[in-house]
Amino acid sequence: MKRAIPILLLSALFMACEPPAPGFHLPEITRETKPWSRWWWQGSAVTREGITAELEAYQKAGFGGLEITPIYGVRGEEDQFVEYLSPQWVDLLEFTLSEAKRLGLGIDMATGTGWPFGGPWVGENDACKYLAYKTWKLKEGEKLNQPIEYQEEGYVRAVTNHVNQPIRAEDLVQPVAANKNLQALALDQVRFPHSMPLQSLVAYSDRGESVDLMTHVTPEGKLNWQAPAGSWTIYGIFQGQHGKMVERAAPGGEGNVIDHFSKEAIQHYLARFDSVFAERDISTLRSFFNDSYEVDDALGQANWTPGLLEAFQEKHGYDLRAHWPALFGEDTEENHQRVLSDFRETISDLLLETFTTEWSQWAEKRGAITRNQAHGSPANILDLYAASAIPETEGTDIIRIKLGTSAAHVTGKKLASSESATWLNEHFFSSLADLKQNTDRFFAGGVNHIFYHGSCYSPPGDPWPGRLFYAAFHANSRNPLWHDFPAFNQYIARTQSFLQSGKPDNDILLYFPAYDRFAAPQKELLDHFDGRGPGFIGSEVEVLARKLQQEGYSFDFISDRQIQNISISNGKPETGGVSYQTIVLPACKYLPLNTLSHILMLAENGAQVVIHQALPESVPGLGNLQENQARFLQLLETLSFEETTVGIKQASLGKGSVFIGGDMEKMLAYAGTEPEAMAGKDLNYTRRSYENGYYYFVANWSGKEMEGWIPLQKDAQSVMIYDPVTGEKGIAKQQPGEDGKPEIYLQLSHGQSLILITSDRIPEETPWHYLTKTGKTSALEGEWEIRFIEGGPVLPPPVKTKNLVSWTELGEDYQHFSGTAVYQLVFSRPEGDGWILDLGGVHESAVVKLNHTPIGTLFGPTYQIFIDPKLIKEHNTLEIEVSGLMLNRIIDMDQKGVPWKKFYNVNFPARRAEHRDENGLFDASRISPVPSGLLGPVTLSPAR
């Protein structure tokens, strides 16, 4: 009887240190393959001594680099605050870069504090803006007696989850940066009362006429115009100050958020950095970082920029001022959708061209690259992701993740990063097993550059738990799980060494129909693109993407702009240096003319194109509509479809074909695209090509063990299995499947992941060690000695017991201990020639030592390890070092009223309502201590 377990052989530890056998070479471990982390500088209250101590700790724990993001400070430590971008702050940055270089660490930095970009040097001209409109009705012969004006009302929004008095706009002075105690005010949005400047005034008649009235308005706002024949509606368009402030700003970073649609605004913003970095050495800074677009998570949208009308006309060939009623939904439905589409496309292009591209080019001039989170932007995020050297995604949904990684793949970028472990659970509840599940999902989605979210700088000697960020996993040395972080980080580094090698190998280019989104009316003018929300969830592309993912088809999303870069190589679509099998169009109404034209050209040259459900109906937008639509229909008429099977039609076009129908699986089969069958066994995977074959990352988070033959889509003479946890490797059992494709034998426990390396030859390697149980499982019995070696608030006294229970049940002194304990047991040699050691229940990670020799680190959710017979003596000492969560110690502090929630701005809010105090802060005082330590039963099973 065989049983799937995570295989940890002692011999693997030695094998990993030996030179690779001929024919198989492990990819190099570099600082990029190691995990990185966001490094929050709270109040920028850092010192050289503290920087050195933390960098050395991160380097020792196996980190590859850190990203500096200054944020709000700690209450009571105001005298330690360092003003952002002050000479002292830049001194500390230079010192950090030099120390990181000494330690072989990389450093990125956010181009600002908190998020989004902004600060005290951003004046009203460069700050984000919004559009407001007002209408007046006139009949023939009438004049308007009311002034043409729009009064901005005062508004203040501030973070309120700490003790704070309500703030009114009249309590503040202008500009916002001139107010005192900005850290305590925690301002998120501020609008001061004022009269908004008029941008456009146009009258529209019931007969379709329009008159621009801007020249008829006096400086006092009086309209000198008499309505001609007909009924008239006057539209006045006004420019408002959106008022969005930098969220989570550090001291010296508080102020207006920039206008993301203005080239001048980003240039003026970046000039501040040019000034403070002049004559400074920041040459070893790798990358500048931009957090996700979060301007519009406030009152109203930032949907205007002073140059919008000119940009609109240049792009679409008509004047938006002739169509204000259509934009606001007060015209025919078709006109509304078309003008709205053109408006949103203009905003999208401005965000790409005048913000993302300008920022990236600025970084390049400084010898750096950019890392960008595009999700949440009012734009086609595939293009925004692709405009930076490292696209960065976040979240837990694999389809959302793939929006970011796709942009990297189709544009030939080596790295795709992720903001990982952001508030996985309620505070302090997350384990390394939770972290592994999160990172494995990113890997399966194409991420190969993990950033933990994150780590807070804490000065040496700061009372436990030190400085903390509210939305983090707390990847720092105060977390008891840090004890096993080096082993976990080694897993990340080994996995990413493969995922950064070779090239992505997905089969399908899945068109992202942005123009259906641009044309879809909503409550607001702008639509924010992300892998979630009502605009995406339930859409044709989302439903199709999820179906493809579930059925094992590998794909990358692609935008209209990116489609223009597809060429044909050996009859296959190629982009970013990667060949694909098929181009798939989900059902969509609108398709740009140049997109359709290029897709049909690709088909003529050999591409296989699959269209789901129905042909697109129209070109988007209003500009040059009649000519574009006529050409669009002419192109569609070149497709002569014939039914190949029920519900599927095919049009031959040159060397390629276009398929249309409702059965995607059958159409893909006709197009020569096959799924990976392992997806049907609830395995997550991603695949990359390399010189001699393919790398597969395979993870089992199905909730059950998996053992059996797994078909591979790709041909292979041999398949190597590599365990990135242990470093063990060996040739897999292999047999031909019914279709002639290789099948390999796998054993995967719940939560286990492996790397499969296919090869077109048979390397000189030993076989993979499959385990077979050969006897009855027996419990290890005897007296366990438990010693507490790290943690607090104090180290409890050692204890002996024959019954393993949570250490919180050992007495009052143990209930609130958070840290690491060693469980020791002496046992005699059991029968057998090898054994599976199963630890049973573990909270949360464990280092296993046999006769004082480490044989593996286990971080769950399965806690099993193989013991080689060479390690067993007649009498043996088993030691298990178990590290628990931070939570029990936090419970103790909250019950005793020991202050640790001491942060300005967001002062540690709870995720779950039952854990909130009267101020909305996390309060652990009512939480019962969580199980900790080794719970067992600890068993041995004879195995070979």
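Position numbers for residues start from 1 in each chain and track the written sequence from start to end. Local features in this predicted model are restricted to residues of pLDDT 70 or higher, and side-chain atom pairs are both shown and tallied only at a pLDDT of 80 or more, whereas totals for entire chains, interfaces and linings draw on every residue. The basis for every side-chain value is the complete set of heavy atoms in the structure, and neither hydrogens nor water enter the calculation.

Caption draft 1: The arrangement of the nonpolar core in detail. Only buried residues count toward a nonpolar core. Its members are Ala, Val, Leu, Ile, Met, Phe, Trp, Tyr and Cys residues joined through side-chain atoms within 4.5 Å. To sort residues, take the accessible area from a 1.4 Å probe on protein chains only and compare it with the maximum for the residue type: under 20% means buried, over 50% means exposed, and anything in between is partly exposed. Judged by nonpolar contacts, the single largest core of 209 residues is most densely connected at F288, W324, F469, L510, F557 and F922. Counting from the N terminus, the helices are the DSSP runs of H or I reaching at least four residues and the strands are the DSSP runs of E reaching at least two. Residue contributions to this core peak at 11 residues, all from helix α8 (residues 333–365). Among the nonpolar cores identified, the runner-up in size contains 32 residues, and Y823, L871, I880 and L940 belong to it.

Caption draft 2: Seen up close, the sheet that holds strand β35 (residues 734–736). Any two strands are treated as partners once DSSP identifies two or more bridges connecting them. With respect to topology, three strands assemble into an open sheet ordered β32-β36-β35, the strand pairing being antiparallel. The two strands at the open ends of the sheet, each matched to only one other strand, are β32 (706–711) and β35. Between one strand axis and the next, the sheet turns through 30° on average, direction left out of account. Examined bridge by bridge, β35 and strand β36 (residues 742–748) share three bridges and lie antiparallel to one another. Directly across from Q734, in β36, lies its bridge partner I744. Every angle, taken between N-to-C directions, lies between 0 and 180 degrees, and every axis is a line fitted to C-alpha atoms, over only the stretch in contact when it is a helix.

Caption draft 3: Structural context of the pairing of strand β31 (residues 693–700). Most of β31 is tucked away, with seven of its eight residues classed as buried. Summarising the sheet, β31 and strand β37 (residues 753–759) pair through five bridges and their orientation is antiparallel. Across the sheet, the residue bridging to Y695 is I757, located in β37.

Caption draft 4: Local environment of unusual backbone geometry. The step from H453 to G454 runs through a cis peptide bond, and the omega angle for that step is -10°. Along the chain, G454 falls in strand β18 (residues 449–456). Cis rather than trans, the peptide bond between G792 and P793 has omega equal to 15°. Topologically, P793 is positioned in the loop between β39 (784–792) and β40 (799–801). In this structure, Q613 takes a positive phi of about 75° despite not being glycine. Tracing the backbone shows Q613 in the loop between β26 (608–612) and α17 (625–637). When its relative accessible area of 46% is taken as the criterion, Q613 is described as partly exposed. A positive phi is found at N905, a non-glycine position, where the angle reads about 60°. Considering the arrangement of structural elements, one finds N905 in the loop between α20 (887–896) and β48 (933–936). Since its relative accessible area comes to 5%, N905 is described here as buried.

Caption draft 5: Region of the structure containing the packing of aromatic side chains. Geometry of aromatic contacts follows a simple scheme: Phe, Tyr and Trp rings, the Trp one being its six-membered ring, pair when their centres are within 6.5 Å, and the pair is stacked under 30 degrees between planes, edge-to-face over 60, tilted otherwise. Taken as a whole and judged by the stated rule, the model has 64 aromatic pairs. When the ring of W482 is compared with that of F485, the centres are 5.5 Å apart and the planes differ by 15°; the resulting orientation is stacked. Each member of the pair W482 and F485 is classed as buried. Geometrically, a charge over a ring is one whose NZ (Lys) or CZ (Arg) sits within 6 Å of the ring centre while staying within 35 degrees of the ring normal. One cation-aromatic arrangement involves K733 over Y745; the distance from NZ or CZ to the ring centre is 5.6 Å.

Caption draft 6: Representation of helix α6 (residues 308–316). The complete set of buried residues in α6 reads L308, L309, A311, F312 and H316. The buried residues of α6 occupy an angular sector of 165° when the element is viewed end-on, so they sit on one face. Turned more than 90 degrees away from the buried face of α6, the exposed residues are E310 and E314. Throughout, a contact is declared for two residues whenever any of their heavy atoms are within 4.5 Å. Considering only its buried residues, α6 is in contact with α7 (324–327) and α8. Just beyond α6, the residue with positive phi is G317, at close to 80°. Each direction from the helix axis to a C-beta atom contributes to the arc, which is the arc of those directions.

Caption draft 7: Geometry of helix α16 (residues 593–604). The end-to-end C-alpha distance of α16 is 17 Å, a good match for the 16 Å that 12 residues give at a rise of 1.5 Å each. All of the buried residues along α16 are T595, L596, H598, I599, L600, L602 and A603. Of the residues flanking the end of α16, it is G606, one or two places downstream, whose phi is positive at about 125°. Multiplying 1.5 Å by the helix residue count minus one yields the expected span of that helix.

Caption draft 8: Focus on the side chain of S418. On the secondary structure map, S418 appears in strand β17 (residues 417–420). For this analysis, a polar contact is any N or O atom pair within 3.5 Å, provided that within protein one partner can donate a hydrogen and the other can accept it, and provided that sequence-adjacent residues contribute only side-chain to side-chain pairs. A polar contact is formed between the side chain of S418 and the side chain of S420, at a distance of 2.8 Å. Those residues in contact with S418 that sit more than four places away from it in its chain are E392, T393, F442, V447, H449, I450 and F451.

Caption draft 9: Here's a closer look at the pattern of salt bridges. Salt-bridge detection follows one rule: a side-chain nitrogen of Lys or Arg within 4 Å of a carboxyl oxygen of Asp or Glu. For the structure shown, the criterion picks out 53 salt bridges. A salt bridge links D108 to R286; the shortest N-O distance between them is 2.8 Å. One end of the pair, D108, is in strand β3 (residues 106–110); the other, R286, is in the loop between α5 (263–277) and β14 (287–290), with 178 residues separating them in the sequence. Of the two residues, D108 and R286, both sit in the buried class.

Caption draft 10: Structural detail: the sheet that holds strand β22 (residues 567–569). Taking strand neighbours across the sheet as the criterion, the three strands line up as β22-β23-β24 in an open arrangement whose pairing is antiparallel. Strands with a single pairing partner mark the edges of an open sheet, and in this sheet they are β22 and β24 (578–579). Bridge analysis of β22 against strand β23 (residues 572–575) gives three bridges, and the strand direction is antiparallel. Bridge pairing in β23 places I568 opposite P573.

Caption draft 11: Molecular detail of the packing of helix α11 (residues 432–444) against helix α12 (residues 485–499). Look at α11 against α12: their axes get within 12 Å of each other, and the N-to-C directions meet at 10°. By the angle between their directions, the pair α11 and α12 is classed as roughly parallel. Contacts between α11 and α12 pair L432, L435, K436, T439, D440 and F443 from the former with F485, F488, Y491, I492, T495, Q496 and L499 from the latter. Basically, the charged four are Asp, Glu, Lys and Arg, the nonpolar ten are Ala, Val, Leu, Ile, Met, Phe, Trp, Tyr, Cys and Pro, and anything else, Gly included, counts as polar. Considered class by class, the residues forming the contact of α11 with α12 number eight nonpolar, three polar and two charged. Every angle not falling under 35 degrees, over 145, or within 65 to 115 is termed oblique; those three ranges are roughly parallel, roughly antiparallel and roughly perpendicular.

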